[in-house]
There are 4 protein chains.
Amino acid sequence: MQAVVKAHRGPGGEVVTVPTPTPSDDEVLVRVRASSICGTDVHIWKWNAWAEERVRKVPMIFGHELSGEVVEVGKRVRSLAVGDHVSAETHIVDGTCYQCKTGRMHICANVQVLGVDRDGVFAEYAVLPELNAWKNDPKLDPAIASMQEPLGNAVHSLLPEDNLEDIAGKTVLITGAGPIGLLAIAVAKSLGAEKVIATEVNRVRFDLARKMGADLVLNPVEEGDRIVRTIRDATYGRGVDVACEMSGHPSGFALVFDALTPGGRVSLLGLLDRPTTIDVDSALIFKAARVHGIFGRRMFETWFQVKGLLAIPAFREKVAQIITHRVPIPELARAMDLIDSTQAAKVSLEARW
Amino acid sequence: MQAVVKAHRGPGGEVVTVPTPTPSDDEVLVRVRASSICGTDVHIWKWNAWAEERVRKVPMIFGHELSGEVVEVGKRVRSLAVGDHVSAETHIVDGTCYQCKTGRMHICANVQVLGVDRDGVFAEYAVLPELNAWKNDPKLDPAIASMQEPLGNAVHSLLPEDNLEDIAGKTVLITGAGPIGLLAIAVAKSLGAEKVIATEVNRVRFDLARKMGADLVLNPVEEGDRIVRTIRDATYGRGVDVACEMSGHPSGFALVFDALTPGGRVSLLGLLDRPTTIDVDSALIFKAARVHGIFGRRMFETWFQVKGLLAIPAFREKVAQIITHRVPIPELARAMDLIDSTQAAKVSLEARW
Amino acid sequence: MQAVVKAHRGPGGEVVTVPTPTPSDDEVLVRVRASSICGTDVHIWKWNAWAEERVRKVPMIFGHELSGEVVEVGKRVRSLAVGDHVSAETHIVDGTCYQCKTGRMHICANVQVLGVDRDGVFAEYAVLPELNAWKNDPKLDPAIASMQEPLGNAVHSLLPEDNLEDIAGKTVLITGAGPIGLLAIAVAKSLGAEKVIATEVNRVRFDLARKMGADLVLNPVEEGDRIVRTIRDATYGRGVDVACEMSGHPSGFALVFDALTPGGRVSLLGLLDRPTTIDVDSALIFKAARVHGIFGRRMFETWFQVKGLLAIPAFREKVAQIITHRVPIPELARAMDLIDSTQAAKVSLEARW
Amino acid sequence: MQAVVKAHRGPGGEVVTVPTPTPSDDEVLVRVRASSICGTDVHIWKWNAWAEERVRKVPMIFGHELSGEVVEVGKRVRSLAVGDHVSAETHIVDGTCYQCKTGRMHICANVQVLGVDRDGVFAEYAVLPELNAWKNDPKLDPAIASMQEPLGNAVHSLLPEDNLEDIAGKTVLITGAGPIGLLAIAVAKSLGAEKVIATEVNRVRFDLARKMGADLVLNPVEEGDRIVRTIRDATYGRGVDVACEMSGHPSGFALVFDALTPGGRVSLLGLLDRPTTIDVDSALIFKAARVHGIFGRRMFETWFQVKGLLAIPAFREKVAQIITHRVPIPELARAMDLIDSTQAAKVSLEARW
């Protein structure tokens, strides 16, 4: 089969012919119908410091967001059949560690990540463990189906725990309107948020934030120091109830705490890449703030929430607008250039080889 | 001022002239702009067994759902001013009992109910304690503003506790599409429910259930025994995640448990009026069901949720459709006849004297 | 090996020689060191109506509470090794149904129960799926280790959901001081309950209830109608915060609601065996009661809680007192007679063949 | 009456004669029976930068932890009577702000603090709003009764939200064994924690930590870099489930995250006084950590938990051990010296004038 392979410990990737993999007893073989690019893929493509340290296995097929069709099932697989449409949960878990045994598989102590620790999905076929193959509505657009992992990140950021105050009637701040931030805006509106405020500097994403339903989109560079006051004025002077940091920028990290109402909650998703300074007393303690670090998405509570939201036509239509470009998988280099430009939100990869 | 008064311990009510009340130091005086009829008012009007036992104070102005404008404030009132638009939370609490001191004011051990234990709002003016006067957006339609209590019942049925799994992506059953059931359908859809199933026999309400966004509306008489199977088929064979009993009918009470997925949750709002038989083992224990009795709405977490939802134009428009009739307050007898007919959902009362 | 086998669809059981089972790739073989008798075993022994309907497989080794030592592991087993001390979680789950995929394995839609649907543990050896073999501290008394399932029932009754108000400083009612009720008393005290009230008619269990730490033990027959008032008087006039129904008796079922403070919560564990009448309005709705049906125990959040509690010496000592009799497994008939008498609480079975 | 007054904006305080205050309609007058010293009092005594900035009202009676007897009640007070024994919740709230109306009075947007914003309790008599006067069991030792605020801080740190996973069977780390840290150890053990690990450098407090029931007490200076490994080794290699930062030291702040199991939770109570650096990615995001800023204690859920725990004799006895010194209130200067020494844990103040 054809696949995009990281052949050497350095930038780039090559389209090469490799053997089609064989599923083990607990796995399924999937023909890839669409895939999409996550920030992790960009890091591996560029081979930055994170990739150099994190990625062990080279050569490796990378990529992990996909939708496809099951073409072969291992002999112990019971819940899936040939012909099923599936997407992948990327976190391959051991099922027996403390986290797995306490309802927190997504932070398995021995997690392996598809396309990072083992061969991924930028290929004609991919192998998935039964548990990681999520069955889709066959009528769902494959490009949207392949985006369920970042959509899950967005949902998980807004609803990180099993039992946590809902979003209904709340004010929500999303700092950073990259693909996950944009999805989070759409999700928050679908959960009955009273008002969603987003921040973004990129013009394309700024406009998309409005299309996702943000009631107020702010450019933090233009707003400067008055941004906290602007947000307070837009929230009855109270500050936001829920804030999701999705920019990975220190100013976004500072803003989610500054703009929070006392007792509000913050979800941190954007990686900051370096130690950051915070005034713990005023940001966290005096404010009785609640903070959730967001990693992956719940397996599989979040996936059911995503499935439910995608069953709503208006929600699907919004999500589709985030796909600004569609590129055949073998042209991954061009797709990476698009992401580097300021023109793209989500780039979908088509299975045209 | 003019007011509708229950003058004798028996059916009906009279429009009479009474002194305009004077607010105490902790109260405000409100000029009524609109009000609406709750089931409790019907009981008092008809003077059924419940009313005979529950109502002590006669003569009494009854009615409790209102919107109005503050025209006078007591001298200790700090959070309200003349000119503010307000609605009423009906539960007047002591603030010092066990329930009040543990975040459960809505089930105050010494609650007094407006229009039941003290003079209510079917009048030109009404007096409200500061805490019970909820400030509205002045642009909100008074007819809708006066419906925030039943809307709060609907929201509280779906989100009964502080931290409880949300509705996003869940399947929801509402048995009984009276005014609160209809509102619950609209609310569930606004909270991101994947699918809302409603049951109703009355044709007017059946049609309104669809307009509220129910994905499936079933007539339990027509469905008969196959209704559980129909609901299972509509929920991937699993049964519903959340069920709200709003019919007050034994068949609805049975159905919410029969149609529930194991581990799902049930909210009980509709009063059954008599002891009812249930197979506790199969309905509750083997199913690991979770049940919430619903009384009032949270003070004031639910009100903030209601305010947030009413800030969404599409939601407001839905709620407006539930008002099938508008009648001047002095014509309360006619309004009661409309409710007895099979033609009405919510009857709004206009302040035309 | 020797085993106690239900050979015919009727009362009793026989000690016979059967082949020692062989673990499959995902299973372990365990040498039984101790086991104990659950109510389910009594039903199967007596072959009551429930057993006739529920049990399909005969002949079958029954029993499910055990502790033992791993003597062989399947080739895919990673988290256990020969020599490990283990107990069994009885619910064998499919891992892929809706409940399993949403953190509710204990109510798996396709659950198989050890000793009910497949061979159990009243034998020299037993086979367990890796996931169901819970690793014990090797220093834990095997008799206590074998009681972790009912201990888990007790913990799960008090803490049924992931995030639910804790027991600290709360008043707790336990109706019925059978083995699980007794354990629930000990657990509630270990969780910081302010006051634990228990009800029981049997004298042996009544006395044990005190030893478990109950602050007040009431005989419901002697108390009669004044029992609700007695409980209110013992709880500042408020009623209890948490009530666990563990008697399986209609009077216990009625009492947990009557004695509850408004907004309190009820866990229902005791099976009632027949439809029961309840005044839904007063018991559930006006009281804003919250009810949890209790089935099994959470896999494996509850097991970790049990492990943690058993690490506390004072708690272990209390649990040990519940074992009123120790009988060799082959003398199961005598053990069943003891349970029928009014003299026993928990009967432990020793692996002496 | 006699009182300790901060007469000038500078260090120290004076015992002077001032008029006995008169309660307003909503207040009670309390004769002080015992009081105790909080860190806030030390700041005000020493008049550090925080005090210079925060304290507006001088001259002012300071102090806020007390127990006493009601000697006069305002005419609107219903829940208290002359002769009642009470302690004070220090946070005087407005009751109408967003936080107060959503069950979060303890972080009232307009809070006034006793002994900081208005006259406090280091006096013969003090005035308290009805809502802030917490009724005690009259048999409770006044010295212990006056410590319920810090005890509430400890409980609130362990159980910060209404519905949050309990402590039962969990491993808990407490960094810093000052008075609140010591109380937190005792509380955690009373809530069924499997293992409580504490850190402390001061020898007196180190020994008290053991007496409170800590299973492991570590001196972070002696342990140095290996402390994280030591804690992991003591928690099955997993890290702690719950960590409470009570040292106010950057090394404690770092440790609570380093020692946390993925998905665990952290409560931050100790003020750090300056911006602090944290590696957000590894400490919070990859670890899916949950963080609660702790301010005050819940009004009055936490107080009921405290009351319940204090009803347990063994718990009361532990708490009593934390009182290392008893000093008459007029000798406050000596009490402050004791706190500055390394010899004291909690200093109780006796009402001997």
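Sequence order as written defines residue numbering, which begins from 1 separately in each chain. Think of it this way: whatever chain is written first is A, whatever ligand is written first is 1, and the rest follow in order. Local features are withheld for residues below a pLDDT of 70 in this predicted model, meaning they are given only at 70 or higher, and side-chain atom pairs are given and counted only at 80 or more; totals for whole chains, interfaces and linings count all residues. Only hydrogens and water are removed before side-chain values are computed, so all heavy atoms of the structure are retained for them.

Caption draft 1: Examining the packing of aromatic side chains more closely. Under the pairing criterion, centres of Phe, Tyr and Trp rings, with the six-membered ring standing for Trp, must be within 6.5 Å; the plane angle then separates stacked pairs below 30 degrees from edge-to-face pairs above 60, leaving the rest tilted. Applying the stated criterion across every chain, the model contains 30 aromatic pairs over all chains. Centroid distance A:Trp134 to A:Trp303: 5.6 Å. Interplanar angle 40 degrees. Geometry classified as tilted. Remark: A:Trp303 occurs in helix H11 (residues 301–310) and A:Trp134 occurs in strand S10 (residues 133–135); sequence separation between them is 169 residues. Each member of the pair A:Trp134 and A:Trp303 is classed as buried. Plain terms: the ring middles of C:Trp134 and C:Phe300 are 6.0 Å apart, the flat faces sit at 15 degrees to each other, and that makes the pair stacked. Runs of H or I in DSSP of at least four residues are treated as helices and runs of E of at least two as strands, each being numbered from the N terminus. Burial here depends on accessible area, computed with a 1.4 Å probe over protein chains only, as a share of the maximum for the residue type. Under 20% is buried, over 50% is exposed, and the range in between is partly exposed.

Caption draft 2: Representation of the interface of chain C and chain B in the model. Should any heavy atoms of two residues lie within 4.5 Å, those residues are counted as being in contact. Between chain C and chain B, the residue contacts involve 39 residues of the former and 38 residues of the latter. Summed over both partners, the interface of chain C with chain B comes to about 3,300 Å²; 61% of that surface belongs to carbon and sulfur atoms. What counts as buried area is the accessible surface, traced by a 1.4 Å probe, that two parts surrender upon association, with contributions from both included. Taken as a group, C:Tyr98, C:Ile285 and C:Phe286 account for 17% of the area that chain C buries against chain B, more than any other trio of residues on that side. By salt bridge we mean one thing: a side-chain nitrogen of Lys or Arg within 4 Å of a carboxyl oxygen of Asp or Glu. Summed over the shared surface of chain C and chain B, the result is 2 salt bridges. A salt bridge links C:Glu161 to B:Arg290; the nearest nitrogen and oxygen atoms lie 3.2 Å apart. As used in this structure description, the phrase polar contact means that two N or O atoms lie within 3.5 Å; if the pair is within protein, one of them must be able to donate a hydrogen and the other to accept it, and residues adjacent in sequence are counted only when both atoms belong to side chains. At the boundary of chain C and chain B, one finds 20 residue pairs in polar contact (both at pLDDT 80 or more). For the side of chain C that touches chain B, the element with the most residues is strand S15 (residues 260–268) of chain C, which contributes 5 residues. For this classification, the nonpolar set comprises Ala, Val, Leu, Ile, Met, Phe, Trp, Tyr, Cys and Pro, the charged set comprises Asp, Glu, Lys and Arg, and every other residue, Gly included, is treated as polar. A breakdown of the residues in the side of chain C that touches chain B according to their chemical character gives 20 nonpolar, 9 polar and 10 charged. The pairing of strand S16 (residues 276–278) of chain B with strand S16 (residues 276–278) of chain C spans 3 bridges and is classified as antiparallel. In the sheet register, B:Thr276 faces S16(C), and the bridge partner there is C:Ile278. Pairing between strands requires that DSSP locate at least two bridges from one strand to the other.

Caption draft 3: Representation of the sheet that holds strand S17 (residues 290–293) of chain B within the structure. Across the sheet, 12 strands lie side by side as S13(B)-S12(B)-S11(B)-S14(B)-S15(B)-S17(B)-S17(C)-S15(C)-S14(C)-S11(C)-S12(C)-S13(C); this open sheet has mixed pairing. Single-partner strands in this sheet number two, and they are strand S13 (216–218) of chain B together with strand S13 (216–218) of chain C. Strand after strand, the sheet turns through a mean of 15 degrees between neighbouring axes, direction not considered. Here strand S11 (residues 171–175) of chain C runs beside strand S14 (residues 240–245) of chain C; their pairing, made up of 4 bridges, is parallel. Considered in S14(C), the bridge of C:Thr175 is made with C:Glu245. For helices, the axis comes from a line fit to the C-alpha atoms of the stretch in contact; other axes are also lines fit to C-alpha atoms, and the angle between any two N-to-C directions lies between 0 and 180 degrees.

Caption draft 4: Spatial organisation of the sheet that holds strand S2 (residues 14–17) of chain A. Residues and elements named next belong to chain A. Strand order across the open sheet formed by 3 strands is S2-S1-S4, with antiparallel pairing between neighbours. Both edges of this open sheet fall to S2 and strand S4 (60–61), since each of them pairs with a single strand only. The pairing of strand S1 (residues 2–6) with S2 spans 4 bridges and is antiparallel. Paired with Ala3 across the two strands is Val16, which belongs to S2.

Caption draft 5: The pairing of S15(C), seen in detail. Residue and element names in this part refer to chain C. Within S15, 8 of the 9 residues are buried, leaving the element largely enclosed by the surrounding structure. When S14 meets S15, the two strands line up parallel, connected through 5 bridges. By the bridge assignment for S15, Val242 is matched with Arg265. By definition, the crossover connecting two strands over a helix is right-handed if that path, from the first strand to the second, turns clockwise as seen with the strands pointing away from the viewer. In this view, the connection linking S14 to its parallel neighbour S15 by way of helix H9 (residues 250–258) has right-handed handedness. Inspection of the sheet shows S15 paired to strand S17 (residues 290–293) by 4 bridges, in the parallel sense. Bridge pairing links Ser267 to His292 in S17.

Caption draft 6: A look at the relation of the copies chain C and chain B. In screw terms, the move from chain C to chain B is a rotation of 180 degrees and a rise of 0.0 Å along the axis, fitting with an RMSD of 0.0 Å. Expressed as an axis order, the relation between the two copies is that of a two-fold axis. Residues of chain C ranked by C-alpha distance from the rotation axis are headed by C:Thr277, positioned 2.1 Å from it. When you check the interface residues of chain C against chain B, 97% turn up at the interface there too, and the contact is symmetric in its surfaces. Only residues with pLDDT of at least 70 in both copies contribute their C-alpha atoms to the least-squares superposition of the copies.

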